[in-house]
Protein chains: 2
Amino acid sequence: MEFIKQPMAIENRSMEIIAPYLEKFSLNEEEVKLYSRMIHASGDVEYANVIKIDKNVIDSMKAALKKGCNIFTDVEMVRTGINKRKLAAFGGEVFCKVSDPAIMDIAKEKGITRSMAAMRSFGTDLNGAIIAIGNAPTALFEVLRMMEEEDIRPAAIVGTPVGFVGAAESKAELAKRSKVPFITVEGTKGGSPIAASCVNAVMYMIDNSR
Amino acid sequence: MEFIKQPMAIENRSMEIIAPYLEKFSLNEEEVKLYSRMIHASGDVEYANVIKIDKNVIDSMKAALKKGCNIFTDVEMVRTGINKRKLAAFGGEVFCKVSDPAIMDIAKEKGITRSMAAMRSFGTDLNGAIIAIGNAPTALFEVLRMMEEEDIRPAAIVGTPVGFVGAAESKAELAKRSKVPFITVEGTKGGSPIAASCVNAVMYMIDNSR
């Protein structure tokens, strides 16, 4: 059976197929790249209707990445999905503490989720960093609280938690209350590959590599 | 702000919300659990209309898992998403070679994708195992070829590659040509969390833990 076997050919062809779905939106070239990669990660063109971004978010992420900012994720799948070789070339690293035994103890003790406890524990390390939350609404709520109560200021927040309990609410709150530029998705859809794709999309823009 | 912070309460409430969307399908109790977890992983109830499973796949996966079968994945994100502590309790392990330098060399030399080269390299280790492919259509095509040309017989195949180039075709071919029970999704949707959720759903069924 004949099928395309070259990874970059597959990716380029995917982007061509996605392009017409974005024509009716007034997006600049970089926004098209971001939206395309999110759609590419989900296989779902309906994302075009529910993606919601702050107009400064791409610039803010690019500036932070160029300065070698770190990335903090809620779950291991987001960390796994981020192109760490590319990030290391800019000087950054990805951190996730959801499986850290100390965090697990804190979560159990306080009756909160592990990803919420993990996000809290990062504290002021989040200043100037990119936060990428693909799974846990509770982690996103916690970051909103930290911005408001502890003056934490990340460079940007990618918040695409998925699901039916708290996810849509957490993303609506992000769009309403975030004190820094953000990328999110309205409703129940989202997930780790979507969050990771946002970070990767912006890294590829910086050196125009993909 | 008030929101549910207990992980199992969040999961249980999610499953309650998903249930009405599955009522119109004639699914048994275990199939409902499987479908629910796939929908839970995507935040997308439309999955109910595109999930396609072989009627023996849950039994086949349960039997293999109970015997301590291994799981082979196309990408690291699927490996990350699988509950490895639970799998280890049954005696199994997850393998992924997509980032193995030797595999990268083979892929480059042959002009094929890394996940395709990785799947090929597993060879007869795939017999009796569960294959979980969440990203790469090429890996799924390769498994179909191995079943036909090399008599490889996994216990089951979870094939939910995502995207616009080859994904839908690879999944249609899986449903048509697979020599073993399978789980798949029609069309462009899919992804690593979906593939991982299938494996986790069946593991949780075995000990009725979730």
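Calculation rules
Residues numbered from 1 in each chain as written. Chains lettered and ligands numbered in written order. Predicted model: local features only at pLDDT ≥ 70, side-chain atom pairs only at ≥ 80, totals over all residues. Heavy atoms only, no water. UniProt positions renumbered as here; feature names shortened; annotations may be inferred. Helix = DSSP H or I, 4+ residues; strand = E, 2+ residues; numbered from the N terminus. Rg over C-alpha atoms; globule rule 2.2 N^0.38 Å. Buried < 20%, exposed > 50% of the residue type's maximum accessible area, 1.4 Å probe, protein only. Areas by Shrake-Rupley, 256 points an atom, 1.4 Å probe, with all protein chains shown as cover. Lys, Arg positive; Asp, Glu negative; His and termini not counted. Charge placed at Lys NZ, Arg CZ, Asp CG, Glu CD. pLDDT = per-residue confidence, 0-100. Contact = heavy atoms within 4.5 Å. Buried area = accessible area lost by both parts, 1.4 Å probe. Salt bridge = Lys/Arg side-chain N within 4 Å of Asp/Glu carboxyl O. Polar contact = N/O pair within 3.5 Å; in protein donor to acceptor, adjacent residues only side chain to side chain.

For chain A, an unreviewed UniProt entry supplies the name Precorrin-8X/cobalt-precorrin-8 methylmutase and the organism Pectinatus brassicae. Word for word, the UniProt comment on chain A under Pathway (unreviewed entry) is "Cofactor biosynthesis; adenosylcobalamin biosynthesis."

Let us now look at the overall build of chain A. Helix and strand counts for chain A stand at 11 helices and 6 strands. For a compact globule of 210 residues, the expected C-alpha radius of gyration is about 17 Å, and chain A comes in at 17 Å, within 12% of that figure. Dimensions of chain A, computed from the C-alpha atoms along their principal axes, are close to 55 × 40 × 35 Å. Every one of the 210 residues in chain A was classed for burial, and the buried ones make up 57%. Carbon and sulfur atoms make up 48% of the accessible area of chain A, which totals about 8,700 Å². Between the centroid of the 27 positive side chains of chain A and the centroid of its 27 negative side chains there is a distance of 2 Å.

Caution is warranted with low-pLDDT regions, since their predicted coordinates should not be read in detail. Residues with a pLDDT of 70 or more make up 99% of chain A, whose mean pLDDT is 95. Predicted complex, confidence summary: ipTM 0.93, pTM 0.95.

In this section: the UniProt feature "domain: Cobalamin biosynthesis precorrin-8X methylmutase CobH/CbiC" (unreviewed entry) in chain A. Within the UniProt annotation, "domain: Cobalamin biosynthesis precorrin-8X methylmutase CobH/CbiC" (unreviewed entry) is assigned to residues 10-205 of chain A. Secondary structure over residues 10-205 of chain A splits into 57% helix and 10% strand, and the C-alpha atoms at its two ends are 19 Å apart.

Turning our eyes to something else, we now look at the interface of chain A and chain B. Every contact between the two is made by 41 residues of chain A and, on the other side, 41 residues of chain B. Among the residues chain A hides against chain B, the three largest losses belong to Met77, Phe164 and Val165 of chain A. Together they make up 23% of the total. Applying the counting rule to chain A against chain B returns 1 salt bridge. Close ionic contact of Lys189 of chain A with Asp44 of chain B constitutes a salt bridge, the shortest N to O distance being 4.0 Å. Inspection of the region where chain A meets chain B yields 3 residue pairs in polar contact (both at pLDDT 80 or more). Going through the elements one at a time, helix H1 (7-22), helix H2 (29-42), helix H5 (76-81), helix H9 (137-149), helix H10 (167-177) and helix H11 (192-206) of chain A are the ones with two or more residues in the side of chain A that touches chain B.

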